[in-house]
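An overview of the molecular structure
Listed here are the chains, written in short residue letters.
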Amino acid sequence: MELTVVIPAKDRPGVVEGAVEAALAQTVSSLEVVVVDDGSRPPLRLRERERLRVIRRERSGGPSAARNAGLAAARGRYVTFIDDDNRHLPHFAEASLRAIAGSDLPPPVGCLSGIEIVRGGRVVETRLPPTHPRGDHFSLEQPPPGRSHMTKGTLVVETEVLRSIGGFDESLRSREQADLFYRLNPVCSIAGIDTVAYRVDRDPGERLSRDPAALVEGVERLIDKHRPLMEAHPRGYADLLLGHARMSIVAGPRREVLPSIARAFRIAPRHTAGVLLDGRRMASALAHLNTSG
């Protein structure tokens, strides 16, 4: 088995069926799909298909716990994760595995692909990922122009590498993907490819990432957990706080906006001023307001 696709799901059988169909329609046949039912009431009842397994958790533990349950059950050499309301394009697995096999980065190597953001059936934004060799710290590093760290959900990586770093931190209610990459990139190269192979639907709907309490708690716990690393990357630390300010404008609490900007100024004043005065970066930030998961 080459690849395991893990889909955490709760209470939305009609939505997750679409994610399963897209994963099974990949041009690579040597893959399995593992749906983790995170305490749905009633339990998910999905149509039986070859290469599909459903794991049931009687009590919901949240997205990170569901992803870790899928990681533990994965049989593929590589693993990837996708939320039930997003979709893999048919060439996602093939493009990712080909990039890993052909990479000259220090091994082991994971892969990120491009994302298209869809609203109302129309593509409103495209993001391409950066490349970071083993030893970097991903989003704490500065990406090249035209590249976005907001592509983390497309990760394809060796299953044993992800298991070796402990998978996702289940104590984090948000920012769990940032935490994962802070721990993964030091031991695994990340190859970013120009192929757009992942679709994110941003039509209105409730999302955990828009829970104000989870947003505030998540960013503070992330900083506390990685404080020495943050302080060693002041520009990346400032960018995290500016990103939190942007999300606070959308999801709240609004009282977080000015304090987060002030903290960013204290940490990296010239960089923060440059971001706020750069028209192109501000336009990009505004575009991300309703598309950042």
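Since the structure is predicted, the reported quantities are computational estimates derived from the model, not experimental observations.

As for the overall build of the protein chain
Assigned secondary structure in the protein chain consists of 11 helices and nine strands. Dimensions of the protein chain, computed from C-alpha atoms along their principal axes, come out at roughly 55 × 45 × 35 Å. Buried residues in the protein chain amount to 54% of all 293 residues. Here the contacts in the protein chain between residues at least 6 apart in sequence split such that 71% fall between residues at least 24 apart. Only carbon and sulfur atoms are counted for the fraction: they give 52% of the accessible area of the protein chain, which is about 13,100 Å². Taken together, the 42 basic and 37 acidic charged side chains of the protein chain have centroids lying 3 Å from each other.

Here we look at the nonpolar core
Ile7, Val20, Val33 and Val35 are the most contacted members of the largest nonpolar core, which has 35 residues in total. Sorting the residues of this core by element identifies β1 (3-9), α1 (13-24), β2 (31-38), α3 (92-102), β6 (109-119) and β9 (189-201) as the ones contributing at least two each. When residues in this core are grouped by element, the largest group, six residues, is from α3. Among all residues touching valine 35, those that are not within four sequence positions of it are Ile7, Ala9, Val16, Val20, Leu44, Leu46, Leu52, Arg53, Val54 and Ile55.

Examining the packing of aromatic side chains
With the rule as written, the count across this model stands at three aromatic pairs. Considering the side-chain rings of phenylalanine 81 and phenylalanine 168, the 5.2 Å spacing of their centres and the 85 degrees angle between planes classify their relative orientation as edge-to-face. Placement of the pair is phenylalanine 81 in strand β4 (residues 78-81) and phenylalanine 168 in the loop between α4 (159-164) and α5 (176-184), with a sequence separation of 87 residues. Take phenylalanine 81 and phenylalanine 168: they sit in the same class, and that class is buried. Just above the ring of phenylalanine 168 sits the side chain of arginine 67; from NZ or CZ to the centre is 5.0 Å.

Regarding the confidence of the model for the protein chain
Across the protein chain, the average pLDDT comes to 91, with 92% of residues at 70 or higher. Of the regions scoring below 50 in pLDDT, residues 288-293 engages in 26 contacts with residues more than four places distant in sequence or in other chains.

So, the side chain of histidine 132
Relative to the helices and strands, histidine 132 resides in the loop between β7 (122-127) and β8 (156-158). Here the side chain of histidine 132 touches aspartate 136 through a polar contact of 3.0 Å, side chain to side chain. If we skip the residues at most four places from it in the chain, histidine 132 touches Phe138, Glu141, His149, Asn185, Ser189 and Ile190.

As for the pairing of β4
The two faces of β4 match: Tyr78 and Thr80 on one face and Val79 and Phe81 on the other face are all buried. Sheet topology places β1 next to β4; four bridges connect them, and they run parallel. Residue pairing for β4: valine 6 is matched across the bridge by phenylalanine 81. Sheet topology places β4 next to β8; three bridges connect them, and they run antiparallel. When the sheet's bridge partners are listed, valine 79 is paired in β8 with valine 157.

Re the pairing of β7
Here five bridges tie β6 to β7, and the two strands are oriented antiparallel to one another. Each residue of the ladder has a partner; that of valine 118, found in β7, is valine 123. The turn joining β6 and β7, which pair antiparallel and follow one another in sequence, is formed by two residues; a positive phi near 60 degrees is taken by glycine 120.

Rules used throughout
- Within every chain, residues take consecutive numbers counted from 1 along the sequence as written.
- It should be noted that, the model being predicted, local features are given only for residues of pLDDT at least 70 and side-chain atom pairs only at 80 or more, the latter also being counted only at that level, while totals for whole chains, interfaces and linings use all residues.
- The basis for every side-chain value is the complete set of heavy atoms in the structure, and neither hydrogens nor water enter the calculation.
- Working definition: helices are DSSP H or I runs of at least four residues, strands are E runs of at least two. Numbering for both runs from the N terminus.
- Relative accessible area decides the class of each residue, using a 1.4 Å probe on protein chains only: under 20% of the type maximum gives buried, over 50% gives exposed, and in between gives partly exposed.
- By definition in these notes, contact holds between two residues if any of their heavy atoms fall within 4.5 Å.
- For the area figures, the Shrake-Rupley method with a 1.4 Å probe applies, and any residue is considered shielded solely by the protein chains shown.
- Charge counting treats Lys and Arg as positive and Asp and Glu as negative, with His and both chain ends excluded.
- Each charge is placed at NZ for Lys, CZ for Arg, CG for Asp and CD for Glu.
- To qualify as a nonpolar core, a set must consist of buried Ala, Val, Leu, Ile, Met, Phe, Trp, Tyr and Cys residues joined through side-chain atoms within 4.5 Å.
- Each pair of aromatic rings taken from Phe, Tyr and Trp, with Trp reduced to its six-membered ring, is defined by centres within 6.5 Å and is described as stacked if the planes are under 30 degrees apart, edge-to-face if over 60, and tilted in the remaining cases.
- We call a charge positioned above a ring when the Lys NZ or Arg CZ atom is no farther than 6 Å from the ring centre and deviates by at most 35 degrees from the ring normal.
- Residue-level confidence of the predictor is summarised by pLDDT, bounded by 0 at the bottom and 100 at the top.
- Definition of a polar contact: a pair of N or O atoms within 3.5 Å, with one able to donate and the other able to accept a hydrogen when the atoms are protein atoms, and with sequence-neighbouring residues admitted only if both atoms are side-chain atoms.
- When DSSP finds at least two bridges between two strands, those strands are taken to pair.

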